[in-house]
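One-letter residues, chain by chain:
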Amino acid sequence: MKHDFVSIAIREAAGDQGQPSLTKLTAVFDVLFSNNVTCQIILYDPSDFRLLKLVVDKFPDGQFTLLFVLGKYRKGHQSEPEDLHPFLDENPYQMSWMVCAFGNGESDCLLEAAKSHGHIRVGFENNLIDSRGLPFTNNSASVAFTIEKLKSNDIQPMSVDHARKVLKLQNR
């Protein structure tokens, strides 16, 4: 089986957090890029940009998108819209980025990302209740709630074709 796309945490690909391995990073991304796989690189905090730089410097022609994760390592896994700004301040790259966010602040964080010209990833794995404190009945309800919040702020969700383009999957 051949995959076109993978979402991979840069710090996990690097191995030991105390001593991240350039050799390990190079090996992982060499396999992915030699097989024409587009990589969504997950960054849990802005310090992960130092590892991303190692990969981008080694593979300047690699197919990358970025995913900024908000709230994963905060107390109670609760994100806030302000969590996005350090990522934007540290990001030196002109590549597509998106946000996912944990906890009750998820929809506010996703709205902040959309207003900041980013993209969003929403789903049950990050949050089970809406910003009013009501539980979602399923993943579709979570997505529908987010779509309505975006639309109420004059932001239109992207089409499937546009999503494939953003994720660099348009020709696959």
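Check the entry above for the structure.
First things first, this report covers the structure right here in the doc. Given the structure is predicted, the values throughout are model-derived calculations rather than measurements.

Quick notes on the rules
Residues numbered from 1 in each chain as written. Predicted model: local features only at pLDDT ≥ 70, side-chain atom pairs only at ≥ 80, totals over all residues. Heavy atoms only, no water. Helix = DSSP H or I, 4+ residues; strand = E, 2+ residues; numbered from the N terminus. Rg over C-alpha atoms; globule rule 2.2 N^0.38 Å. Buried < 20%, exposed > 50% of the residue type's maximum accessible area, 1.4 Å probe, protein only. Contact = heavy atoms within 4.5 Å. Areas by Shrake-Rupley, 256 points an atom, 1.4 Å probe, with all protein chains shown as cover. Lys, Arg positive; Asp, Glu negative; His and termini not counted. Charge placed at Lys NZ, Arg CZ, Asp CG, Glu CD. Phe/Tyr/Trp six-rings, centres within 6.5 Å; stacked < 30°, edge-to-face > 60°. 1 Å grid on protein atoms, 1.4 Å probe; cavity = no way out; pocket = protein on both sides within 12 Å on 5 of 7 lines; lining within 4 Å. Points joined across faces, edges and corners; volume = space filled by probe spheres on them. Nonpolar A, V, L, I, M, F, W, Y, C, P; charged D, E, K, R; others polar. Salt bridge = Lys/Arg side-chain N within 4 Å of Asp/Glu carboxyl O.

1. Brief notes about the overall build of the protein
The helix and strand tally for the protein stands at 7 helices and 5 strands. Overall, the protein shows an N-to-C arrangement of helices and strands of β-α-α-β-α-β-α-β-α-β-α-α. In terms of C-alpha radius of gyration, the protein reaches 16 Å, essentially the compact-globule figure of 16 Å for 172 residues. Overall, the C-alpha framework of the protein stretches about 45 × 40 × 30 Å when taken along its three principal axes. Out of the 172 residues belonging to the protein, those deemed buried represent 44%. Taking the intrachain contacts of the protein between residues at least 6 apart in sequence as the baseline, contacts between residues at least 24 apart amount to 62%. Counting every atom, the protein has about 9400 Å² of accessible surface; 52% of that belongs to carbon and sulfur. Taken together, the 18 basic and 21 acidic charged side chains of the protein have centroids lying 4 Å from each other.

2. Some thoughts on the packing of aromatic side chains
Evaluation of the coordinates by the stated rule reveals 8 aromatic pairs. Where Y44 meets Y73, the ring centres are 5.4 Å apart and the plane angle is 80 degrees; that geometry is what we call edge-to-face. Taken together, the residues Y44 in the loop between strand 2 (38–43) and helix 3 (49–58) and Y73 in the loop between strand 3 (64–70) and helix 4 (84–90) connect sequence positions 29 residues apart. What makes Y44 buried here is its relative accessible area of 14%. A relative accessible area of 56% means that Y73 is categorised as exposed. Among the aromatic residues, ring-to-ring pairing joins F29, F33, F59 and F64 into one connected group.

3. Digging into the layout of surface pockets
Taken as a whole, the largest pocket spans an internal volume of roughly 520 Å³. For the largest pocket, the lining is made up of 20 residues, of which H119, I120, R121, P157 and M158 are closest to its centre. Contributions of two or more residues to the lining of the largest pocket are made by strand 5 (119–120), helix 6 (139–151) and helix 7 (160–166). Looking at the lining of the largest pocket element by element, the count peaks at 4 residues for helix 6. Of the residues assigned to the lining of the largest pocket, the class counts are 13 nonpolar, 6 polar and 1 charged.

4. So, the pattern of salt bridges
In the structure shown here, the tally under the stated rule is 6 salt bridges. With its nearest N and O atoms 2.7 Å apart, the salt bridge here joins D45 to R11. Of this pair, D45 sits in the loop between strand 2 and helix 3 while R11 sits in helix 1 (residues 10–13), placing them 34 residues apart in sequence. D45 gets classed as partly exposed once you look at its relative accessible area, which sits at 25%. Two residues, R74 and D83, come together in a salt bridge whose shortest N-O distance is 3.7 Å. A residue is classified by how much of its surface remains accessible, and R74, at 35% relative accessible area, is partly exposed. Accessibility expressed as a relative area gives 17% for D83, which makes it buried. Through salt bridges with shared partners, a single network forms among R11, D45 and D48.

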